[in-house]
Structure formats: structure tokens, C-alpha cells
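Spelled out from the first residue to the last, the chains are:
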Amino acid sequence: MSLLLDNQFAELPADKSVDTKTFLDNVSTLPPFFDCLGSKVFSIIKSDINGNITKIRAVYDQDPAKYVTLQDIVEAERETHKGEWPKVGATLALMWLKRGLRFIQVLLQSLADGDRDENNPNLIRVNITKAYEHALKRYHGWIVQKVFSAALIAAPYRSNFLKALSKGEEVKDEDCLANVHLFLVNYTPTVDAIYEMYSNLNAELDYTV
Ligand code: 0SG
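Residues numbered from 1 in each chain as written. Predicted model: local features only at pLDDT ≥ 70, side-chain atom pairs only at ≥ 80, totals over all residues. Heavy atoms only, no water.

S.K.: Just checking my understanding: could you explain the overall build of the protein for this structure?
M.R.: Within the protein, the regular secondary structure consists of 9 helices and 0 strands. Taken from N to C terminus, the helices and strands of the protein fall in the order α-α-α-α-α-α-α-α-α. Dimensions of the protein, computed from C-alpha atoms along their principal axes, come out at roughly 55 × 35 × 25 Å. Counting all 209 residues of the protein, 44% fall into the buried class. Taking all contacts inside the protein whose residues are at least 6 apart in sequence as the whole, residues at least 24 apart take part in 74%. Counting every atom, the protein has about 10800 Å² of accessible surface; 54% of that belongs to carbon and sulfur. Computed over 23 positive and 28 negative side-chain charges, the inter-centroid distance for the protein is 6 Å. (Helix = DSSP H or I, 4+ residues; strand = E, 2+ residues; numbered from the N terminus. Buried < 20%, exposed > 50% of the residue type's maximum accessible area, 1.4 Å probe, protein only. Contact = heavy atoms within 4.5 Å. Areas by Shrake-Rupley, 256 points an atom, 1.4 Å probe, with all protein chains shown as cover. Lys, Arg positive; Asp, Glu negative; His and termini not counted. Charge placed at Lys NZ, Arg CZ, Asp CG, Glu CD.)

Have a look at this one:
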């Protein structure tokens with residue numbers, strides 16, 4: 001069985017709106033995966049992502065009928081918080097969460113595409129670095145970039161990572177990567193749709209932490 005396919009994201013409707021409840025249920029399955037990765041450095045990342053999800057869910061739970069889509073939340077906060085927005089509330093939490101989700105997407109896509117360090121074929125540092133440079137690096141000052149360097153050194157071997165994706169079972173690489181491909185079919189458009197929404201609403205910020 002594949003961990004990813006157990007947690008397949010929902011297909012987007014034609015208007016590319018993202019259903020809040022389904023999205024929150026889907027992303028909530030990601031943080032426990034960090035426990036399989038071993039090193040303590042991953043608990044920092046897990047707690048950051050968990051914090052984002054908790055913040056968005058707290059807003060959703062206030063009025064599920066009002067916040068059916070993620071865009072409903074972001075637009076409502078724009079009205080409520082005016083000058084503070086978008087660096088506030090669930091809008092800020094989703095801004096960061098989507099960057100983590102993009103990181104995961106680029107990492108998985110890179111593995112599925114067969115990107116590999118031929119000298120160290122059982123390492124996934126090239127895939128992780130590609131994802132980091134695409135999704136996160138520009139938002140990180142030097143201290144957080146050091147945390148990334150520590151995470152890179154502590155990253156699991158490719159074989160162990162693929163095994164974790166297969167819930168600890170010995171699955172052929174090609175079967176595991178076929179599942180990664182299938183997972184990305186709905187996951188990638190969901191992440192793209194959130195990015196597009198932030199761009200359309202002018203909700204994206206460019207500061208570093
Ligand atoms: C195989 C695994 C390899 C993993 C390699 C991981 C590489 C990534 C390492 C990056 C380490 C990041 C550690 C945390 C950094 C955080 O500081 C930043 C900024 O966090 C935001 O800061 C918060 O998320 C916001 O929280 S909120 O919900 O309250 O709104 C907020 O606090 C904000 C600051 O607020 S403000 O000053 O604007 O008021 N977080 C990130 O950069 C996201 C990191 C996501 C990493 C995803 C990695 C996934 C790995 C998956 C492996 C399968």
C-alpha cells in the first residue's frame with residue numbers, strides 16, 4: 001500500500017476552487033509522515049506545518065458554511081483585517097503552508113522524473129535541494145538556511161524514503177514511483193490553484209524569515 005495514495009487529494013472542480021474541509025483533511029495526513037524520517041530536525045518542520053493547519057482550521061471551524069473554499073477565508077480576512085492583511089491569520093498560515101506543499105510537490109516530481117546524483121544514487125539531496133531552491137530558499141535568511149543544511153544532512157536514503165512512502169513495505173522502486181505519479185495528478189493542480197489565488201488576490205508577500 002502507498003501512504004500517498006491512502007491520502008490522495010481530491011480532484012479540483014472546473015473553477016479550481018479548493019474546498020476547505022477536504023483540503024484540511026488531506027493536508028492533515030502529511031505531518032505524521034515526518035515521524036518516519038528519524039532526525040529531530042524534522043520535528044521543527046512538522047510543528048511549523050501543523051501550526052499552519054491548526055490556524056486555518058480554527059478559522060474554518062468558526063463558520064464552515066461561510067468558509068466553504070479557501071478563497072472564502074482569504075477574502076473574508078481581507079475585509080476584516082484591512083491594512084494588516086495579508087500578513088495575518090489564516091491568510092498568512094496558508095501562504096506559508098502552500099510553500100511547504102510546493103516543496104513536497106517538487107521533491108516528489110523530481111524523484112518520479114528520475115533526477116539522481118549518479119555518484120551517490122541512494123541519496124536524495126539533489127532532489128531536496130531542487131525543491132528547496134524552487135519553493136523556499138528565497139524566503140529564508142541565513143539562520144533558516146542553516147536549518148535546511150542540517151535537514152539535508154539528516155535526510156533519509158532514497159531507499160528508506162521510498163520505503164516510508166510505501167508504509168514500510170518492500171515495494172519495487174518503479175511501483176512506488178508510479179504511485180507518486182498518481183498522487184501528483186490531483187496534488188499538483190491543488191497547489192497550483194492556491195498559488196494562482198494568492199497571485200490573483202495580491203496576497204503573496206516576499207519577506208524572509
Ligand atoms: C526528505 C525530507 C527532506 C526535508 C528537507 C526539509 C527542507 C526544509 C527545511 C526548512 C526548515 C524550515 C523550518 C521552519 C521555518 C519557518 O520559520 C518558516 C516560516 O514559518 C512561518 O513564519 C510560519 O509557518 C507562520 O505560521 S502561522 O501559521 O502562524 O502563520 C508564521 O509564524 C511566519 C512568520 O510570521 S510573520 O513574521 O510573517 O508574522 N517556514 C517555512 O519556511 C515552511 C517550511 C516548510 C518545509 C516543508 C518541508 C517538507 C518536507 C517534506 C518531506 C516529505
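S.K.: Looking at this structure, I do not really get unusual backbone geometry. What am I missing?
M.R.: Between Trp85 and the following residue, Pro86, the backbone shows a cis peptide bond with an omega angle of 10°. As for its position among the elements, Pro86 is in the loop between helix 4 (70-81) and helix 5 (89-112). The backbone of Lys82 shows a phi angle near 40°, a positive value even though the residue is not glycine. Mapped onto the fold, Lys82 is located in the loop between helix 4 and helix 5. Given a relative accessible area of 56%, Lys82 falls into the exposed group. For Asn202, which is not glycine, the phi torsion reads 55° and is therefore positive. Topologically, Asn202 is positioned in the segment after helix 9 (173-200). Classification of Asn202 by relative accessible area gives exposed; the value is 63%.

S.K.: Help me understand helix 8 (residues 158-165), please; the structure alone is not making it clear to me.
M.R.: Structural remark: α-helix, 3.6 residues per turn; residues separated by three or four positions point the same way. Listed as buried for helix 8 are Arg158, Phe161, Leu162, Ala164 and Leu165. Seen along its axis, helix 8 keeps its buried residues to an arc of 155°; they face one direction. One or two steps after helix 8, the chain reaches Lys167, where phi turns positive at roughly 55°. (Arc of directions from axis to C-beta.)

S.K.: Could you clarify how one ought to interpret the packing of aromatic side chains in this entry?
M.R.: Here a ring pair, both rings aromatic, is described through the centre-centre distance and the interplanar angle of the planes. On inspection of all chains with the given rule, the structure shows 6 aromatic pairs. Ring plane angle 75° and centroid distance 6.2 Å describe the contact between Trp96 and Tyr139, whose orientation is recorded as edge-to-face. Remark: Tyr139 occurs in the loop between helix 6 (125-135) and helix 7 (142-154) and Trp96 occurs in helix 5; sequence separation between them is 43 residues. In this pair, the class of Trp96 matches that of Tyr139, namely buried. Here the aromatic cluster, defined as three or more aromatic residues joined through ring pairs, consists of Phe9, Phe183 and Tyr187. If you follow Arg78 out to its NZ or CZ, it ends over the ring of Trp85, 5.9 Å from the centre. The side chain of Lys87 reaches across the aromatic face of Tyr207, ending 4.0 Å from its centre. (Phe/Tyr/Trp six-rings, centres within 6.5 Å; stacked < 30°, edge-to-face > 60°. Lys NZ or Arg CZ within 6 Å of the ring centre and 35° of its normal.)

S.K.: Honestly, the site of the ligand in this entry has me stumped. Any pointers?
M.R.: In the neighbourhood of the ligand, 25 residues make up the surrounding shell, with Asp48, Asn52, Lys55, His140 and Tyr207 lying closest. His140 is positioned with one of its side-chain polar atoms (N or O) 2.6 Å from an oxygen atom of the ligand. Tyr207 places a polar side-chain atom, nitrogen or oxygen, 2.2 Å from an oxygen atom of the ligand. Alone, the ligand offers 1100 Å² of accessible surface; in the complex the protein occludes 84% of this. Judged by the fraction of its atoms near the pocket grid, the ligand is located in the largest pocket. Only helix 3 (41-62), helix 5 and helix 7 provide two or more residues apiece to the shell around the ligand. (Near = heavy atom within 4 Å. Polar contact = N/O pair within 3.5 Å; in protein donor to acceptor, adjacent residues only side chain to side chain. 1 Å grid on protein atoms, 1.4 Å probe; cavity = no way out; pocket = protein on both sides within 12 Å on 5 of 7 lines; lining within 4 Å. Sits in = over half its atoms within 2 Å of the grid points.)

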